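A closer look at the structure
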Amino acid sequence: MEPPLLARMHPDSLAVHAGRDDLRRLGVHALPIDLSTTYPFESLDEAVGSLDAMMAGGGPAERGGPIYSRLHSPTVARFEDGLAALEGADASVAFGSGMAALTAVVQAAIWDGNRHVVGVKPIYGTTDRLVSSGVLGTEVAWTDQGGVASSMRPDTGLVMIETPVNPTLDLVDIEAVVQAAGDVPVVVDSTFATPVLQQPLAHGAAFVMHSATKFIGGHGDVLAGVVACSHELAARLRQVRILTGAILHPQGAYLLHRGLATLPLRVRRSQETATTLAERLSEHPGVGAVYHPSVPGRDPQGLVGTQMSGPGPMLSFEVLGLEGESDGDGAFAAADGFLRSVRLATPAVSLGSTDTLVQHPAGLTQRVASGDAPGKITAGLVRVSVGLEDADDLWHDFERAIETGRRG
Ligand code: PLP
């Protein structure tokens with residue numbers, strides 16, 4: 001028998017078509033938005049059947065309908081189907097932000113009582129704080145990739161990693177961590193890679209999570225999160241979402257789904273420009289370390305080409321102080337000067353937008369992390385989310401801002 005059409009498609013085709021199966025039946029071409037909060041039911045029996053199915057983590061029963069949009073939204077579900085196809089997952093579950101998505105993963109994983117979490121650092125500062133603060137009742141052991149096996153305990157319920165890592169762009173070997181974790185589920189924050197460049201489930205991860213606010217949304221106008229996983233884990237995540245109400249609004253889901261169609265094009269174009277910029281920055285005398293997996297020596301495990309199909313659209317680099325220092329007050333002033341001097345790029349946190357964003361990890365995104373910042377996150381370090389502008393235009397902006405910024 002011929003496999004279903006979507007199963008045979010290249011990811012670029014999936015990005016355009018996945019999650020749109022019902023459009024012809026509905027007689028529409030563009031994605032519809034259903035803003036209903038409640039849904040009429042025909043009979044109480046059918047409504048009860050549907051409610052029970054959703055409380056158990058499934059979709060609505062055909063005849064009972066969605067009942068209430070905290071339980072199910074057809075618009076959100078369409079986006080979830082599209083994203084799951086891109087990740088090669090059974091299912092995905094969307095949330096109101098990346099942090100809401102991660103929270104749901106932790107809650108689902110520790111539900112049975114195993115509250116110990118092993119995390120690989122560095123990791124996004126708020127993720128660090130989420131599990132370190134104890135707000136979800138977790139106890140955390142932070143380690144590096146090689147320390148996962150020895151950090152595991154009988155009550156470990158979840159292992160958390162991010163790759164590429166924020167903001168140093170180191171790559172973590174997913175398969176090595178999965179092996180070290182044994183039976184314990186591993187969640188991979190794949191926000192910087194997107195499903196275009198990396199599919200963690202194929203490497204044994206139980207959950208892949210994205211801050212969809214970033215490249216998946218792609219235009220800086222939706223805050224959202226999404227987790228792709230097996231049917232069984234998705235059922236658990238939906239149960240958590242019904243109880244906590246951490247839902248994604250249908251308007252946001254519509255924008256994310258619309259954005260999926262151009263995700264491969266956007267990511268590959270930004271990746272190409274990031275590689276060009278990393279090469280030119282590496283040769284600039286006012287720049288110290290450049291972090292991008294394309295830079296020689298920055299992918300010691302050889303994961304580009306195996307785990308990740310390319311080096312990605314994010315990079316970081318150190319603006320050196322006038323004495324050539326990468327840390328301390330002089331470096332801070334140089335980085336600050338750079339951020340004040342860029343004209344084409346925008347000094348702002350977040351990433352994955354059509355335009356280039358530059359920010360200061362030590363001062364902003366890693367500030368909320370627990371403990372000391374790892375040595376690489378120096379005062380001169382600037383992180384760049386490369387947008388869709390012309391590479392030469394961006395380089396001229398950066399070159400001028402490095403000169404001006406260092407002079408103060
Ligand atoms: N994970 C990473 C790698 C991030 O960069 C962010 C946000 O910057 C998050 C998670 C959190 O996502 P959100 O801001 O959508 O809650």
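See above for the structure.
To keep things clear, this report deals only with the structure shown in the data block. (Residues numbered from 1 in each chain as written. Predicted model: local features only at pLDDT ≥ 70, side-chain atom pairs only at ≥ 80, totals over all residues. Heavy atoms only, no water.)

Here we look at the sheet that holds strand β2 (residues 116–120)
Put simply, the rule is: Any two strands are treated as partners once DSSP identifies two or more bridges connecting them. For the purposes of this entry, the term helix denotes a DSSP run of H or I that reaches at least four residues, the term strand denotes a run of E that reaches at least two, and both are numbered from the N terminus. The axes used here are C-alpha line fits, helices contributing only the stretch in contact, and every angle between their N-to-C directions lies in the interval 0 to 180 degrees.
In spatial order, the strands read β1-β7-β6-β5-β4-β2-β3; together these 7 strands make up an open sheet with mixed pairing. Either end of the sheet is taken by a strand with one partner, and the two such strands are β1 (91–95) and β3 (139–143). The mean angle between the axes of side-by-side strands here comes to 20°, regardless of whether they run parallel or antiparallel. Across 3 bridges, strand β5 (residues 186–189) lies against strand β6 (residues 207–211) in parallel orientation.

Here we look at the packing of aromatic side chains
Heads up, the condition is: Centres within 6.5 Å are what make two rings of Phe, Tyr or Trp a pair, Trp counting through its six-membered ring; a difference in plane orientation under 30 degrees is then read as stacked, over 60 as edge-to-face, and the rest as tilted. The rule is simple: take the accessible area with a 1.4 Å probe, protein chains only, and divide by the maximum for that residue type; under 20% is buried, over 50% is exposed, in between is partly exposed. Only when the NZ of Lys or the CZ of Arg is both within 6 Å of the ring centre and within 35 degrees of the ring normal is a charge said to sit over the ring.
Tallied over the entire structure, the rule returns 3 aromatic pairs. Ring plane angle 85° and centroid distance 5.4 Å describe the contact between F338 and F398, whose orientation is recorded as edge-to-face. Of this pair, F338 sits in helix α13 (residues 328–341) while F398 sits in helix α14 (residues 391–407), and the two are 60 residues apart along the sequence. Comparing F338 with F398 shows no difference in burial state: the two are buried. Stacked on the ring of F95, the Lys or Arg R241 has its end atom at 5.9 Å from the ring centre.

Points about helix α4 (residues 74–87)
Given 3.6 residues to a turn, an α-helix orients residues that are three or four positions apart in the same direction. Convention followed: One fewer than the residue count of a helix, multiplied by 1.5 Å, yields its expected span.
Taking 1.5 Å of rise per residue, 14 residues should cover 20 Å, and α4 covers 20 Å from first to last C-alpha, within 8% of that figure. Most of α4 sits inside the fold, with 11 of its 14 residues counted as buried. Residues of α4 that are buried include every one of T75, V76, A77, R78, F79, E80, G82, L83, A84, L86 and E87, and no others. Of the residues one or two after α4, G88 is the one with positive phi, at around 65°.

Observations concerning a nonpolar patch on the surface
Where we set the bar: Within the patch definition used here, like charges are joined within 9 Å and nonpolar side chains (Val, Leu, Ile, Met, Phe, Trp, Tyr) within 5 Å, considering only residues with over 30% relative accessible area and no salt bridge. Surface exposure here means Shrake-Rupley accessible area, sampled with a 1.4 Å probe, where a residue is shielded only by the protein chains that are shown. For this analysis, a salt bridge means a side-chain nitrogen from Lys or Arg found within 4 Å of a carboxyl oxygen belonging to Asp or Glu.
Nonpolar side chains collect at one region of the surface, where L51, M55, W111 and L243 lie side by side and expose about 390 Å² of accessible area between them. Here L51 shows up in helix α3 (residues 44–55). Judged by relative accessible area, which is 34%, L51 ranks as partly exposed.

Notes on the nonpolar core
This is how it is decided: For our purposes a nonpolar core is just a set of buried Ala, Val, Leu, Ile, Met, Phe, Trp, Tyr and Cys residues, chained together by side-chain atoms within 4.5 Å. Residue ranges assigned to the domains are those given by an automatic or database domain assignment. Contact definition: two residues touch when any of their heavy atoms are within 4.5 Å.
Grouped together as the largest cluster of nonpolar side chains are 50 residues, with contacts concentrated most on F79, V159, I161, V186, I216 and L256. Examining the composition of this core, we find that 5 residues originate from one element, α4, more than from any other. Counting only domains with at least three residues in this core, you end up with domain 1 (6–34 + 73–260) and domain 2 (265–407). In this structure F79 touches A94, I216, V226, L248, A253, L256, H257 and L260, once residues within four positions along its chain are discounted.

A look at the sheet that holds strand β12 (residues 381–385)
The mixed open sheet is built from 5 strands, whose spatial order is β8-β9-β12-β11-β10. Here the strands that pair on one side only, and so sit at the sheet edges, are β8 (287–291) and β10 (346–347). Relative to strand β11 (residues 357–359), β10 runs parallel, the two being bridged by 2 bridges. Counted as the bridge partner of P347 is V358 from β11.

Here we look at the pattern of salt bridges
Counted according to the given criterion, the structure contains 12 salt bridges. As a salt-bridge pair, R268 and D12 come within 2.6 Å of each other at their nearest N and O atoms. You can see R268 sitting in helix α12 (residues 263–282) and its partner D12 sitting in helix α1 (residues 11–17), a full 256 residues away along the chain. Since its relative accessible area comes to 28%, D12 is described here as partly exposed.

Re the side chain of H72
Examined against the element boundaries, H72 turns out to sit in the loop between α3 and α4. Since its relative accessible area comes to 19%, H72 is described here as buried. Leave out the neighbours within four places in its chain, and H72 touches Y39, M54, P60, P66 and A77.

What about the side chain of T356?
Applied cut-off: For the purposes of these results, a polar contact is taken to be a pair of N or O atoms within 3.5 Å, where, inside protein, one atom must be able to donate a hydrogen and its partner to accept one; residues adjacent in sequence count only when each atom of the pair is a side-chain atom.
As for its placement among the helices and strands, T356 is situated in the loop between β10 and β11. Exposure remark for T356: the relative accessible area of 0% places this residue in the buried category. At 2.7 Å, the side chain of T356 forms a polar contact with the side chain of E389. Beyond its immediate chain neighbours, meaning those up to four positions away, T356 contacts A345, T346, V384, S385, V386, G387, E389, L394 and F398.

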